[in-house]
Amino acid sequence: MSSRIPLPYSPKVLELFRNPRNLGPLEDADVVEMAGSPACGDMIKLYLKIAHMEDGDYIEKASFESYGCAANIATASIMTELIIGKRLEDAWRISWKDVSNELGGLPPIKYHCSILAVGALKMGIRSYYRRLGIQPGWLPKDLTIEEKQVIEEEKLMERYYRSMASLDANQG
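It should be emphasised that the depicted structure is a prediction, and the values quoted were computed from it without experimental measurement. (Residues numbered from 1 in each chain as written. Predicted model: local features only at pLDDT ≥ 70, side-chain atom pairs only at ≥ 80, totals over all residues. Heavy atoms only, no water.)

1. Some thoughts on the overall build of the protein chain
For step 1, the next point in the chain: The number of helices and strands found in the protein chain is six helices and three strands.
For step 2, the next point in the chain: Start at the N end of the protein chain and walk to the C end: the helices and strands fall as α-β-β-β-α-α-α-α-α.
For step 3, the next point in the chain: Put simply, the protein chain has 172 residues, and 45% of those count as buried.
For step 4, the next point in the chain: Nonlocal contacts in the protein chain, meaning residues at least 24 apart in sequence, comprise 63% of its contacts between residues at least 6 apart. (Helix = DSSP H or I, 4+ residues; strand = E, 2+ residues; numbered from the N terminus. Buried < 20%, exposed > 50% of the residue type's maximum accessible area, 1.4 Å probe, protein only. Contact = heavy atoms within 4.5 Å.)

2. Here we look at helix α5 (residues 111-132)
For step 1, the next point in the chain: In this model, α5 (22 residues) spans 32 Å end to end at C-alpha, consistent with the 32 Å of a helix rising 1.5 Å per residue.
For step 2, the next point in the chain: Burial of α5 is extensive: 17 of the 22 residues sit out of reach of the surface.
For step 3, the next point in the chain: At the C-terminal side of α5, Gly 133 shows a positive phi close to 75°. (Expected span 1.5 Å × (residues − 1).)

3. Side note on the packing of helix α2 (residues 70-83) against α5
For step 1, the next point in the chain: The contact between α2 and α5 brings their axes to 8 Å, and the two run at 40°. The pairing of α2 with α5 is recorded here as oblique in orientation. Every pair of crossing elements has a handedness; the one defined by α2 and α5 is right-handed. Judged by residue contacts, Ala 71, Asn 72, Thr 75, Ala 76, Met 79 and Ile 83 of α2 engage Cys 113, Ser 114, Leu 116, Ala 117, Val 118 and Leu 121 from α5. (Axes fitted to C-alpha atoms, helices over the stretch in contact; angles between N-to-C directions. Parallel < 35°, antiparallel > 145°, perpendicular 65-115°, else oblique. Left-handed = near helix turned anticlockwise from the far one by under 90°.)

4. Description of the side chain of Thr 80
For step 1, the next point in the chain: Among the secondary structure elements, Thr 80 is positioned in helix α2.
For step 2, the next point in the chain: The exposure class of Thr 80 is buried, given its relative accessible area of 0%.
For step 3, the next point in the chain: Polar contacts involving the side chain of Thr 80 include one to the side chain of Asn 22, which spans 2.9 Å.
For step 4, the next point in the chain: Setting aside anything within four residues of it in sequence, one finds Thr 80 in contact with Arg 21, Asn 22, Leu 46, Ala 62, Ser 63 and Phe 64. (Polar contact = N/O pair within 3.5 Å; in protein donor to acceptor, adjacent residues only side chain to side chain.)

5. Things to note about the packing of helix α1 (residues 11-18) against α2
For step 1, the next point in the chain: Contact pair α1 / α2: the axes reach a minimum separation of 8 Å and the direction vectors enclose 85°. In terms of orientation, α1 lies roughly perpendicular with respect to α2. Counted together, Lys 12, Val 13, Leu 16 and Phe 17 of α1 and Ala 70, Ala 71, Ile 73, Ala 74, Ser 77 and Ile 78 of α2 form the full contact between these two elements.
For step 2, the next point in the chain: When the residues that make up the contact of α1 with α2 are grouped by side-chain class, the tally is eight nonpolar, one polar and one charged. (Nonpolar A, V, L, I, M, F, W, Y, C, P; charged D, E, K, R; others polar.)

6. What about the pairing of strand β3 (residues 56-67)?
For step 1, the next point in the chain: Judged from the 11 bridges that link them, strand β2 (residues 42-53) and β3 form a sheet pairing that is antiparallel. The partner of Leu 46 across the bridge, within β3, is Phe 64.
For step 2, the next point in the chain: Between the antiparallel neighbours β2 and β3 lie two residues. (Pairing = 2+ DSSP bridges.)

Okay, structure coming up:
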């Protein structure tokens, strides 16, 4: 018998976990961005198809691949729903709290899933403009909290696995 208490996921999280929207790779994506670590179990690969219009760049299509828990899948799914049709500038303004709220909330221990999704989005937008050699006025030069969190999580997992490898080497 397990002593684990199930997490209190909202009906929206459970629905998107069971039936994720915009799941799978986009063959014609202009942006492909990964965030997270397969080692910790939460990883998102975000695909964006960008359309250039007179009044800005728009997200024409968005999809994702996710490796992780129900919250990870649900946050990536709802984020794609939130950003399709938006100008990149407007999509940039979406916060991890917006994603969490759209899902009806997340358990605090799962906030990192919405941070990961938004971090992937912001890193993707940043890489899109970097590739074009453009720095829009609305795009901050410094990394956002979500971007820093994604990078820090990836570095932490790398350090952890290096230390585990050295332990294995010393025991063998």
